[in-house]
Amino acid sequence: MSVWFVTGASRGLGAEITREALDRGHSVIAAARDESAVLKAFPHRPDGLLAVTADVTEPGQLAAAVEAGLARFGRIDVVTNNAGYGLVGAVEEVSDEAARALFDVNVFGVLNTLRATLPALRAQRSGHVLNIGSVAGFATAPATGLYGASKFAVEGISEALHGELAPLGIRVTIIEPGGFRTDFLSASSLRTEPAVIADYTTGAGPVREALVHNDGRQPGDPVKAAKAIVDVTETADPPLRLQLGADAVERVEAKLDLVRRELDRWRHVALATSL
């Protein structure tokens, strides 16, 4: 059985991943900004659960959480970077403060967690890093540009990490979910910039409205998503990217088609710049 380290484990997809891993007999170091939220989500306190307080923006808390996990279980096998939140607003509408706060959690929080956990995986010469991205990190949309940018950053980090860790026997997978019926579109996980610039009503406005109306109506089943995520850690040859949800597959395919068309159309310009 494996030992999981899951951030943002008290609700949403993080809680479902924690539950699925525990149900399969794995142990989970379940991190949240307040460990009491984890215990509230898992009131029966399974034997394999260790709830820890670890805000991903606080490296000291993460280091203490890892130390507690290693003291309890002796190892860490799967690191799941799940903590994060969404931000809605046209690029120009998003304040510097909001953008930096978003990146502190969605990007630097991932880096902080990796710095805390990777020494254990490297010492073992084994493990699996799961970075929970988003289809928006591959194909973003108006009104979600900054959120998409944070997940694009996770994609870039993960691609490099994949090459760096593979020789050490450690695998990396980016999870790219579409819309799932978690609390992601609620006020607890999605922040909306109050500033609205009228010129962006046509471009960003429809997405703003759709996100509000889709809360609880997303097509994806989070329980099935959690099963797929745990499954991928049990396969011999896991992918670098795993899309989840028919909407994610559709958006990825549409972007790949667009990139291919543009590359073919402008190939002569690209090649003309080489010696």
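Preceding this section is the structure that the text describes.
What counts, and where the lines are drawn
Residues numbered from 1 in each chain as written. Predicted model: local features only at pLDDT ≥ 70, side-chain atom pairs only at ≥ 80, totals over all residues. Heavy atoms only, no water. Helix = DSSP H or I, 4+ residues; strand = E, 2+ residues; numbered from the N terminus. Buried < 20%, exposed > 50% of the residue type's maximum accessible area, 1.4 Å probe, protein only. Contact = heavy atoms within 4.5 Å. Expected span 1.5 Å × (residues − 1). Arc of directions from axis to C-beta. Salt bridge = Lys/Arg side-chain N within 4 Å of Asp/Glu carboxyl O. Pairing = 2+ DSSP bridges. Axes fitted to C-alpha atoms, helices over the stretch in contact; angles between N-to-C directions.

1. Description of the environment of Ser10
Alright, step 1. Checked against the element boundaries, Ser10 lands in the loop between strand E1 (3–6) and helix H1 (12–23).
Alright, step 2. Ser10 gets classed as buried once you look at its relative accessible area, which sits at 18%.
Alright, step 3. Placed 41 residues apart in sequence, Ser10 and Ala51 show a C-alpha to C-alpha distance of 9.1 Å.
Alright, step 4. Look past the residues within four positions of Ser10 in its chain and what remains in contact with it is Ala15, Ala32, Ala37, Val38 and Ala41.

2. Focus on helix H3 (residues 59–73)
Alright, step 1. Taking 1.5 Å of rise per residue, the 15 residues of H3 would be expected to cover 21 Å, and the 21 Å separating its terminal C-alpha atoms lies within 8% of that figure.
Alright, step 2. The set of residues buried in H3 consists of Leu62, Ala65, Val66, Gly69 and Phe73. Projected onto a plane normal to the axis of H3, the buried residues spread over an arc of 100° and lie on a single side. Counted as exposed and oriented over 90 degrees from the buried face of H3: Gly60, Glu67 and Ala71.
Alright, step 3. The secondary structure elements touched by the buried residues of H3 are E1, strand E2 (27–32), strand E3 (49–53) and helix H5 (108–124).

3. Some points on the pattern of salt bridges
Alright, step 1. The final tally for this structure, using the stated rule, is twelve salt bridges.
Alright, step 2. Across the pair Arg24 and Glu20 runs a salt bridge, and its minimum N-O distance is 2.7 Å.
Alright, step 3. When the shortest N-O distance is used, the salt bridge between Glu20 and Lys227 registers 3.2 Å. With Glu20 in helix H1 and Lys227 in helix H8 (residues 222–233), this pair connects stretches of sequence that are 207 residues apart.
Alright, step 4. The class of Glu20 is buried, set by a relative accessible area of 9%.
Alright, step 5. Looking at Lys227, the relative accessible area reads 36%, which means it is partly exposed.
Alright, step 6. Look at the salt bridges and you will find they share partners, linking Glu20, Arg24, Lys227, Asp231 and Glu234 into a network.

4. Thoughts on the sheet that holds strand E6 (residues 127–132)
Alright, step 1. In spatial order, the strands read E3-E2-E1-E4-E6-E7-E9; together these seven strands make up an open sheet with parallel pairing. The open sheet is flanked by E3 and strand E9 (241–244), the only strands paired with a single partner. Taken over all neighbouring pairs, the strand axes of this sheet differ in orientation by 20° on average, direction set aside.
Alright, step 2. As defined by bridge partners, E1 adjoins strand E4 (residues 78–81) across three bridges and the pair is classed as parallel. Its bridge partner being in E4, Trp4 is matched across the sheet by Val78.
Alright, step 3. Set on the sheet, H8 makes contact with E1, E4, E6, strand E7 (170–177) and E9; between it and E6 the angle comes to about 150°.

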